[in-house]
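Here's the letter readout for the chains.
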Amino acid sequence: CRWDESCGWHLAVEKSEVAKHLQIVHGVKSGGDKDKMPCSWDGCGKEMKKESISRHIVAVHLSKKTACASCGKQFARWDSKLRH
């Protein structure tokens, strides 16, 4: 995990495990899912709804990227690549 100041935990690539880790280890409180918050992953800072943070971490920071066959641009999510 590289949230805030790297805690050193090896996270499973599962949204529920990431959410539980953020609550227990980093004090991210449950509730207020529609509130905006920044991703505190090392070097990120992207702001999004709190309900999207776990999915964002799994897709962008923990998963392998997929590339566009035409131009080579890297995408964290397959649906983003399809829209491209």
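These remarks concern the structure in this document. Small disclaimer: the values here were computed from a predicted structure and weren't measured.

1. A few points about the overall build of the chain
Each helix and strand in the chain was counted, giving 3 helices and 4 strands. The principal-axis extents of the C-alpha atoms in the chain amount to approximately 40 × 30 × 20 Å. Per-residue burial over the chain gives 26% buried out of 84 residues. Look at the contacts in the chain between residues 6 or more apart in sequence, and 29% of them connect residues 24 or more apart. Computed over 16 positive and 10 negative side-chain charges, the separation of the two mean positions in the chain equals 7 Å.

2. Observations concerning the pattern of salt bridges
This structure, assessed with the given rule, holds 5 salt bridges. Through salt bridges with shared partners, a single ionic network connects Arg-77, Asp-79 and Arg-83.

3. Brief notes about the state of the cysteines
For the structure on display, the rule yields 0 disulfides. No disulfide involves Cys-39; its sulfur sits 3.8 Å from that of Cys-44, the nearest cysteine. Classification of Cys-39 by relative accessible area gives buried; the value is 2%.

4. A short note on the nonpolar core
Trp-3, Val-18, Leu-22, Cys-39, Trp-41, Ile-53 and Ile-57 are the most contacted members of the largest nonpolar core, which totals 13 residues. Contributions of two or more residues to this core are made by helix 1 (15-26) and helix 2 (53-62). The dominant element in this core, judged by the number of residues it contributes, is helix 2, at 3 residues. Those residues within four positions of Ile-57 in sequence are excluded, and the remaining contacts are Trp-3, Val-18, Leu-22, Cys-39, Trp-41 and Leu-62.

5. Topic: the environment of Lys-34
Checked against the element boundaries, Lys-34 lands in the loop between helix 1 and strand 1 (36-38). Spatially, the C-alpha atoms of Lys-34 and Met-48 are 8.9 Å apart, while their sequence positions differ by 14 residues. Excluding its chain neighbours within four sequence positions, the residues that come into contact with Lys-34 are Lys-49 and Glu-51. Engagement of the side chain of Lys-34 in a polar contact is seen with the side chain of Glu-51, the distance being 3.2 Å.

6. Some remarks on the environment of Lys-49
Locating Lys-49 in the fold gives a position in strand 2 (residues 47-49). Looking at Lys-49, the relative accessible area reads 35%, which means it is partly exposed. Along the sequence, Lys-49 and Asp-35 sit 14 residues apart, while their C-alpha atoms lie 5.5 Å from each other.

7. Brief notes about the packing of helix 1 against helix 2
It is the contact of helix 1 with helix 2, at a shortest axis distance of 8 Å, that shows an interaxial angle of 110 degrees. Taken together, the axes of helix 1 and helix 2 are roughly perpendicular relative to one another. The interaxial crossing formed by helix 1 with helix 2 has right-handed handedness. Here Lys-15, Val-18, Ala-19 and Leu-22 of helix 1 come into contact with helix 2, specifically with Ile-53, Ser-54, Arg-55, Ile-57, Val-58 and Leu-62. Taken together, the residues that form the contact of helix 1 with helix 2 break down as 7 nonpolar, 1 polar and 2 charged.

Definitions and cut-offs
- Residues numbered from 1 in each chain as written.
- Predicted model: local features only at pLDDT ≥ 70, side-chain atom pairs only at ≥ 80, totals over all residues.
- Heavy atoms only, no water.
- Helix = DSSP H or I, 4+ residues; strand = E, 2+ residues; numbered from the N terminus.
- Buried < 20%, exposed > 50% of the residue type's maximum accessible area, 1.4 Å probe, protein only.
- Contact = heavy atoms within 4.5 Å.
- Lys, Arg positive; Asp, Glu negative; His and termini not counted.
- Charge placed at Lys NZ, Arg CZ, Asp CG, Glu CD.
- Salt bridge = Lys/Arg side-chain N within 4 Å of Asp/Glu carboxyl O.
- Disulfide = S-S within 2.5 Å.
- Core = buried A, V, L, I, M, F, W, Y, C linked by side-chain atoms within 4.5 Å.
- Polar contact = N/O pair within 3.5 Å; in protein donor to acceptor, adjacent residues only side chain to side chain.
- Axes fitted to C-alpha atoms, helices over the stretch in contact; angles between N-to-C directions.
- Parallel < 35°, antiparallel > 145°, perpendicular 65-115°, else oblique.
- Left-handed = near helix turned anticlockwise from the far one by under 90°.
- Nonpolar A, V, L, I, M, F, W, Y, C, P; charged D, E, K, R; others polar.

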